[in-house]
Amino acid sequence: MQATRGAGSARIDGEVLIERVLELPGGPLLLELASAREDVDLVGGAVRDLLLGRTPLELDVVVGEEPDLFARELAASARLGGRADDAAAPRLAQHDRFGTALVEWDGARVDVAARRAESYASPGALPEVRSGTVEEDLERRDFTVNAIALALGARRRGQLRAVEHAFADLDAGCLRVLHERSFLDDPTRLLRLWRYAARLRFQPEARTAALAREAVRLRALATVSGSRIGTELRLALREPDPLASLLALQQGGVLAAIHPSLRLAVPERSVHAALRLLPPDGDRVVLLLACVLLSTGDGEARELLGKLDFTAATRERVCDTVRLAPELPVRLQAAARPSELAAAARGAPPEALSLAGALGEERGLDSAAEAARRWLGELRNVRLKITGDDLLDAGLAAGPDIGRRLQTVLEMRLDGTVGDSADAQLEAALRASS
Ligand code: CTP
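(A) Structural detail: the overall build of the protein chain. When you go through the protein chain residue by residue, the secondary structure sums to 23 helices and 11 strands. Relative to its full complement of 434 residues, the protein chain shows a buried share of 49%. When contacts within the protein chain are restricted to residue pairs at least 6 apart in sequence, long-range pairs at least 24 apart make up 67% of them. For the protein chain, the distance from the average site of its 57 positive side-chain charges to the average site of its 65 negative ones is 3 Å.

Written out as structure tokens, the structure reads:
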């Protein structure tokens, strides 16, 4: 254990970090509560990010015992100090297994856990846990840069403790496991390695890279449940630059280790183009999953996504995208009028159209890309000013004829052959042949 970065500078770093904690959502309240005790430390990604000058999204805290009690106190203080409206009321979620608790209020996210020491009964299994010291709690972690603790409590406030190499690795942009068995004990760290490498632009240190390759070769991921792998994969896909994460996972052999047919089957520039085409209601995770499952059959993709615990809605949307995106460019290219474009796009999710636009561009079908852009940005939002009720009020009989007339007028509206007023649309609907 490396107690400090060097007695003098660690003291200064710590004080500067405490100042920064005070500026974070939830920071002042956390420090106020911590000042009454000696056993509160900020740990993990929060300390790493503060030292890197980044803003942590979540504050991970460990306490000596009874994390649930500390979390409840935090939530109660947040309630007292908070605004009166319900939206700002603190939320407290407890996770039983390790007694950890998450408190959220007003932009703050504080995750409270008990300090613990871990041992692994078998590779890939969840660890056996007992309470431990700060040093032991750091020793159980994934990478040195995530194994730094900043004391928040009364007398030790500002004191930094870290595992060996942590500060040097942070300075050098280096990811290093704490011991030789790290990836075998917890193979989900293979996904974490490449996710951090992509996000922080860090490199795995040589021995760590070799251990990661070895764990992949030994099929370590086969010892972990699909659900845990899925959780890490979702984190990778939700990164600010998810494509960088995917590429890192692919280069590290991790995608193929999850499933042999997982591979980025679309050129990088097309993934970027598809992401740019994706409208705000589109789902980036769906789009990226489709990009790595494009050369996989429908059934196989559905089964794999099920094993990885993706929701049924995500599974179906990915499978629709995988099925429709390759054939859509030709149909989009052939659509001369907006109403034909609507017919080609009908039933396809926005992710399929974004990917189709990008694939079209890749294949030299430039008007397919333009059609996808036009459909997603403008035409799919075109609505009529009239409804079936207006046609019933005008004396038409209820039945499928009403729907057909509305469809005809919608096509006319898309093609610009009827105006935007309700009167013009009603007249066109009444004139349309059933
Ligand atoms: N951790 C670990 N092994 C894992 C998961 C987590 O050692 N398989 C430890 C790491 O020290 C990590 C901490 O638990 O820093 C908290 O995990 P998590 O919340 O997933 O990551 P953050 O540290 O918050 O990092 P970020 O959210 O920035 O990815």
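(B) Local environment of the nonpolar core. Leu42, Leu150, Leu152, Phe183, Leu293 and Leu355 are the most contacted members of the largest nonpolar core, which has 105 residues in total. Not counting chain neighbours up to four residues away, the residues in contact with Leu150 comprise Gly14, Leu17, Ile18, Val21, Val40, Asp41, Leu42, Val47, Gly158, Gln159 and Leu160. Counting residues in each nonpolar core, the second largest holds 20 residues, with Ala335, Ala342, Ala352 and Leu365 among its members.

(C) Representation of the domain arrangement of the protein chain. Domain annotation of the protein chain identifies domain 1 (2-172) and domain 2 (388-431). With centres defined by C-alpha atoms, the gap from domain 1 to domain 2 works out at 62 Å.

(D) Layout of unusual backbone geometry. The backbone of His165 sits at a positive phi, close to 75°, despite the residue not being glycine. Here His165 is to be found in the loop between strand 9 (160-162) and helix 6 (166-172). A positive phi is found at Arg201, a non-glycine position, where the angle reads about 55°. Topologically, Arg201 is positioned in the loop between helix 8 (188-200) and strand 11 (203-204).

(E) Representation of the site of the ligand in the model. Around the ligand, the structure places 14 residues, and the nearest of them are Gly45, Arg48, Asp142, Asp186 and Arg199. Between a nitrogen atom of the ligand and a side-chain N or O atom of Asp186, the distance comes to 2.7 Å. The fraction of the free accessible surface of the ligand (560 Å²) that becomes covered by protein chains is 75%. Contributions of two or more residues to the shell around the ligand are made by helix 3 (45-52) and helix 8. Of all the elements, helix 8 adds the most residues to the shell around the ligand, at 6 residues. Its residues placed into classes, the shell around the ligand shows 1 nonpolar, 4 polar and 9 charged.

(F) Layout of the packing of helix 8 against helix 10 (residues 226-237). Packing of helix 8 against helix 10 brings their axes to within 9 Å, and their N-to-C directions diverge by 5°. Comparing the axis directions of helix 8 and helix 10 gives the class roughly parallel. Contacts between helix 8 and helix 10 involve Thr188, Leu191, Arg192 and Arg195 on the former and, on the latter, Arg228, Ile229, Glu232, Leu233, Leu235 and Ala236. When the residues that make up the contact of helix 8 with helix 10 are grouped by side-chain class, the tally is 5 nonpolar, 1 polar and 4 charged.

(G) Layout of the packing of aromatic side chains. Across all of its chains, the model carries 2 aromatic pairs by this definition. Aromatic side chains Phe143 and Tyr196 sit 6.1 Å apart centroid to centroid with 85° between the ring planes, which places their arrangement in the edge-to-face category. Of this pair, Phe143 sits in the loop between helix 5 (134-139) and strand 8 (148-151) while Tyr196 sits in helix 8; the two residues are 53 residues apart in sequence, bridging distant segments of the chain. We note that Phe143, like Tyr196, is buried. Feature note: the residues Phe143, Phe183 and Tyr196 constitute an aromatic cluster, connected by ring pairs. Here the guanidinium or amino end of Arg195 rests over the ring plane of Tyr196, the centre of that ring lying 5.2 Å away. The residue whose ring lies beneath Arg234 is Phe310, and the NZ or CZ to ring-centre distance is 4.6 Å.

(H) Region of interest: the sheet that holds strand 2 (residues 59-63). With respect to topology, 7 strands assemble into an open sheet ordered 3-4-5-2-1-8-9, the strand pairing being mixed. A single partner strand is all that each edge strand has here, and the edge strands are strand 3 (91-95) and strand 9. Along the sheet, successive strands turn relative to each other by an average axial angle of 25°, direction set aside. Here 3 bridges tie strand 8 to strand 9, and the two strands are oriented antiparallel to one another.

Rules used throughout
- Residues numbered from 1 in each chain as written.
- Predicted model: local features only at pLDDT ≥ 70, side-chain atom pairs only at ≥ 80, totals over all residues.
- Heavy atoms only, no water.
- Helix = DSSP H or I, 4+ residues; strand = E, 2+ residues; numbered from the N terminus.
- Buried < 20%, exposed > 50% of the residue type's maximum accessible area, 1.4 Å probe, protein only.
- Contact = heavy atoms within 4.5 Å.
- Lys, Arg positive; Asp, Glu negative; His and termini not counted.
- Charge placed at Lys NZ, Arg CZ, Asp CG, Glu CD.
- Core = buried A, V, L, I, M, F, W, Y, C linked by side-chain atoms within 4.5 Å.
- Domains from an automatic or database assignment.
- Near = heavy atom within 4 Å.
- Polar contact = N/O pair within 3.5 Å; in protein donor to acceptor, adjacent residues only side chain to side chain.
- Areas by Shrake-Rupley, 256 points an atom, 1.4 Å probe, with all protein chains shown as cover.
- Nonpolar A, V, L, I, M, F, W, Y, C, P; charged D, E, K, R; others polar.
- Axes fitted to C-alpha atoms, helices over the stretch in contact; angles between N-to-C directions.
- Parallel < 35°, antiparallel > 145°, perpendicular 65-115°, else oblique.
- Phe/Tyr/Trp six-rings, centres within 6.5 Å; stacked < 30°, edge-to-face > 60°.
- Lys NZ or Arg CZ within 6 Å of the ring centre and 35° of its normal.
- Pairing = 2+ DSSP bridges.

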